[in-house]
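Understanding the architecture of this molecule
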There are 2 protein chains.
Amino acid sequence: MIESIIQGNEKKIIFLILDGVGDIPDQKFSWTTPLEVAKKPNMDNLSEKYGILGRMIPVEIGITPGSGPGHLSLFGYDPLHYEIGRGVMEALGLEMELKEGDVAARANFCTVKDGVVIDRRAGRLRTEETERICEEISRNVKEVNGVEILVKPGKSHRFVLVLRGKGLSDRLTDGDPHKDGMAYVYPEPREEGARFTAQVVKDFILKVQEILSKERVANGILLRGFSMKPKLPLFKERYKMEAMAIATYPMYRGISRILGMHVLGNPETYDQMILLLKENYVKYEFFFIHIKETDLAGEDGNFEAKKRVIEEVDKFLPEIWDLNPDVLVITGDHSTPCSIKGHSWHPVPLLIVTRSGETDRLQFHEKNCAKGSIGTIYSRHLMNLALALSSKLDKFGA
Amino acid sequence: MIESIIQGNEKKIIFLILDGVGDIPDQKFSWTTPLEVAKKPNMDNLSEKYGILGRMIPVEIGITPGSGPGHLSLFGYDPLHYEIGRGVMEALGLEMELKEGDVAARANFCTVKDGVVIDRRAGRLRTEETERICEEISRNVKEVNGVEILVKPGKSHRFVLVLRGKGLSDRLTDGDPHKDGMAYVYPEPREEGARFTAQVVKDFILKVQEILSKERVANGILLRGFSMKPKLPLFKERYKMEAMAIATYPMYRGISRILGMHVLGNPETYDQMILLLKENYVKYEFFFIHIKETDLAGEDGNFEAKKRVIEEVDKFLPEIWDLNPDVLVITGDHSTPCSIKGHSWHPVPLLIVTRSGETDRLQFHEKNCAKGSIGTIYSRHLMNLALALSSKLDKFGA
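Residues numbered from 1 in each chain as written. Chains lettered and ligands numbered in written order. Predicted model: local features only at pLDDT ≥ 70, side-chain atom pairs only at ≥ 80, totals over all residues. Heavy atoms only, no water.

A word on the overall build of chain A. If you tally the helices and strands in chain A, you get 14 helices and 15 strands. For 398 residues, the compact-globule formula gives about 21 Å, and the C-alpha radius of gyration of chain A, at 23 Å, lands near that figure. Seen through its C-alpha atoms, chain A measures out along the principal axes to roughly 70 × 50 × 35 Å. Residue burial in chain A is summarised as follows: out of 398 residues, 59% are buried. Of the contacts formed within chain A by residues at least 6 apart in sequence, a portion of 75% connects residues at least 24 apart. (Helix = DSSP H or I, 4+ residues; strand = E, 2+ residues; numbered from the N terminus. Rg over C-alpha atoms; globule rule 2.2 N^0.38 Å. Buried < 20%, exposed > 50% of the residue type's maximum accessible area, 1.4 Å probe, protein only. Contact = heavy atoms within 4.5 Å.)

So, in structure tokens, the structure goes:
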């Protein structure tokens, strides 16, 4: 529907995404949240003067999203309709470039004995070992049946496999019993058109097994989450905006690229991120800035650290606001409550700073967001609000 | 979607459903609700210590649900997608067993004169008369065209007809003019495959008319709501939980059976219900406890009685909590406001008692529920929350 009423203009929208920022008041933390107790004078000042508040459900009530669905929603892509496969997500996370037709899979080293997977993680193989073995595989198995083989080590026992060639399919079952003590299984084709790929994968595994035959622990591999780069409507075509993404972590840079955003530079610090934003501000209409550290602190259950990240972000906020964006959105892709130490299904606090004159005159935290004028919405509708507030949407119907 | 991320575990979920518990503050009752003024120290204590609050829309904004849609929603079945037909609901309400392929219809005795239905309720025939005539029909019409006939009297002029045999269809129009003073109509087939059933029904009606020819008032019958037991995904398969239902009223026992829940015992009192729960607690992961009396009081417009039922429930609540469930949900299938004296579309107050540490620190009643952290959700999403809070859902997407 959006496509039929979108109208391009030069107004600028900035999404400042604090990964996993949402939290829940737990007794352990005196019923407060990091966002509530953080000293964030700039954010609160913007919120009270120009902000409207609300809460967002990333995917569905009670559903905990991964990073893929969490971000697709933020950008207005229904995550129940569009999916980024697990193999692709892992490949993006290792900054592997994926071409049209490539098939990616998550891979583990494992320990197999008499055809039974006795340890799916090969004793949580050390990263250096994984790097050494991946290097050996790369050197010895460059192609299988005319299909190019790309292997890249990740952390611990994990690596990613990418197949590149003609006529490949991702319609394969997992080559993973998903439990220790079960028989080793090879990926099987889910449909006729995947038969060739299944054969390539099996031949690849056999070659790798030969190489691994001298290993004591990592003598097998498990492949799962076969997937190809999804076909999504490009951000630019959908919203008539040129978009720029600023992120330090490969996975978020990868998701941005899939949507056709321009991923510039290789920032490592917040200062570098802000500099990138300033340098390129005139060239784009939409800016996605991704802050990973709130999520990391939440995963660690570290309330103080999460609070500190928010305070750090608050310090550079004036530099963003001084650029004069028409709409500034501050929110998260999901909640990562310190008490849960992981992603959760809880609604995410949302602040939209606008030039429209409307404001709830409230500071920005979960409790106020539950009272905000936006109400509780689905994340996939956030783009509508941002577009509306920047006059990029025509009236619907006469 | 749930099916793809559900993971079984031993955690236990109890749904304590107070039928029609929701109410609205009416001037007549000093702007209070039964839930608000009821003395329910146990419920309020649980709510303040471990509870999160919200409100639920049973089917859709402004839509008043029957018991079928109300309960399907509670169990996570979208009532706009899954339907239990009226004939089936009536049969369940009379504790008639329905087999695969059976067709059930609601039936009325009526008064017909010169082919015109002059009284659709046969002067609201007395129940004993209905029982007498049904008995006579049962004795004289055991089968029609090879199809077995089952008839069971209900209250007043109502009874239920069940057809049992091969090749039956429920695609029949109502054999009911729906208004007095209109011509008598026979059920017609809605599609080719229902022709045989329509003939069976017509032949049945003709035989019954012969029997009724000597009756002064109840000289005809009206049949409507032809339906078969719906094909629903079983609760156990959908949620990987063995479920037990405890209910006194046949209709709720019947709905539970349709979902594949185990309906144990024949409790008549709350004490007996709690005993059943305790005796079987180790065997199941999900428990549905149905309290009918809140709805009955609401239908009577009896504020005091509704309040008293809530107070009675509060007395046995500790016995439920002492079983140590991981998630305890207290809510209703719909509202039955005393001022309306019937089911209504109003949101239903929802209390979820959890072990997660989160709480809104509020007592349980409609006004607080409107402020609760859950917000206003659709009843069909309640199961998601219960599953999430008992760690039965994996992350969605990578």
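Moving on, we come to the relation of the copies chain A and chain B. Both copies of the chain are related by a screw-like operation: a rotation about an axis and a shift along it. Mapping chain A onto chain B calls for a screw motion: a turn of 125° about the axis and a shift of 0.4 Å along it, with 0.1 Å RMSD after fitting. Here the copies are linked by what is in effect a three-fold axis. (Least-squares fit on C-alpha atoms with pLDDT ≥ 70 in both.)

Turning our attention to the packing of helix α10 (residues 270-280) of chain A against helix α12 (residues 303-321) of chain A. How two helices pack is summed up by the angle between their axes together with the distance between the axes. Residues and elements named next belong to chain A. Contact geometry for α10 and α12: axes closest at 11 Å, N-to-C directions at 25°. As judged from the angle between their axes, α10 and α12 are roughly parallel. As for the relative orientation of α10 and α12, their crossing is right-handed in sense. Here Tyr270, Ile274, Leu277 and Lys278 of α10 come into contact with α12, specifically with Val309, Glu312, Phe316, Glu319 and Ile320. (Axes fitted to C-alpha atoms, helices over the stretch in contact; angles between N-to-C directions. Parallel < 35°, antiparallel > 145°, perpendicular 65-115°, else oblique. Left-handed = near helix turned anticlockwise from the far one by under 90°.)

All names here are of chain B. In space, the eight strands of this open sheet follow the order β11-β10-β12-β1-β13-β14-β2-β15, with mixed pairing throughout. The open sheet is flanked by β11 (262-263) and β15 (375-378), the only strands paired with a single partner. Inspection of the sheet shows strand β2 (residues 51-57) paired to strand β14 (residues 348-354) by six bridges, in the antiparallel sense. Its bridge partner lying in β14, Gly51 is registered against Val353. Along the sheet face, helix α12 (residues 303-321) touches β1 (13-18), β12 (286-291), β13 (327-331) and β14 and points at about 170° away from the line of β1. (Pairing = 2+ DSSP bridges.)

Right, let's talk about the confidence of the model for chain A for a bit. This prediction gives chain A a mean pLDDT of 96; 100% of its residues lie at or above 70. Interface predicted TM-score (ipTM) for the complex: 0.88; the corresponding pTM is 0.90. (pLDDT = per-residue confidence, 0-100.)

Looking now at helix α7 (residues 195-212) of chain B. All names here are of chain B. In a regular helix each residue adds 1.5 Å, so 18 residues correspond to 26 Å; α7 covers 25 Å between its end C-alpha atoms and thus fits that length. For α7, the complete set of buried residues consists of Thr197, Ala198, Val200, Val201, Phe204, Ile205, Val208, Ile211 and Leu212. Take α7 and look down its axis: the buried residues cluster within an arc of 160°, on one side only. Of the residues in α7, the exposed ones pointing more than 90 degrees away from the buried face are Arg195 and Glu210. Considering only its buried residues, α7 is in contact with β3 (103-113), α6 (127-140), β5 (143-144), β6 (147-153), β7 (158-164) and β9 (220-227). (Expected span 1.5 Å × (residues − 1). Arc of directions from axis to C-beta.)

What follows covers the packing of helix α5 (residues 86-93) of chain A against helix α9 (residues 250-258) of chain A. Residues and elements named next belong to chain A. Taken N-terminus to C-terminus, the directions of α5 and α9 make an angle of 115°; their axes are 7 Å apart at the nearest point. Note that α5 runs across α9; the crossing there is right-handed. On the side of α5, the interface is formed by Val88, Met89, Leu92 and Gly93, while α9 contributes Pro250, Met251, Gly254, Ile255 and Ile258. Residue classes in the contact of α5 with α9 are distributed as seven nonpolar, two polar and no charged. (Nonpolar A, V, L, I, M, F, W, Y, C, P; charged D, E, K, R; others polar.)

Another aspect to go through is the interface of chain A and chain B. Tallying the contact residues gives 25 residues for chain A and 23 residues for chain B. Interface of chain A and chain B: buried area, both sides summed, is about 1,900 Å²; carbon and sulfur atoms make up 63% of it. Taken as a group, Trp31, Ile61 and Ile63 of chain A account for 29% of the area that chain A buries against chain B, more than any other trio of residues on that side. For the pair chain A and chain B, the interface holds zero salt bridges. Summed over the shared surface of chain A and chain B, the result is eight residue pairs in polar contact (both at pLDDT 80 or more). Those elements giving two or more residues to the side of chain A that touches chain B turn out to be α4 (67-74) and α5 of chain A. Take the side of chain A that touches chain B: its biggest share by element is three residues, from α4 of chain A. Considered class by class, the residues forming the side of chain A that touches chain B number 13 nonpolar, eight polar and four charged. (Buried area = accessible area lost by both parts, 1.4 Å probe. Salt bridge = Lys/Arg side-chain N within 4 Å of Asp/Glu carboxyl O. Polar contact = N/O pair within 3.5 Å; in protein donor to acceptor, adjacent residues only side chain to side chain.)

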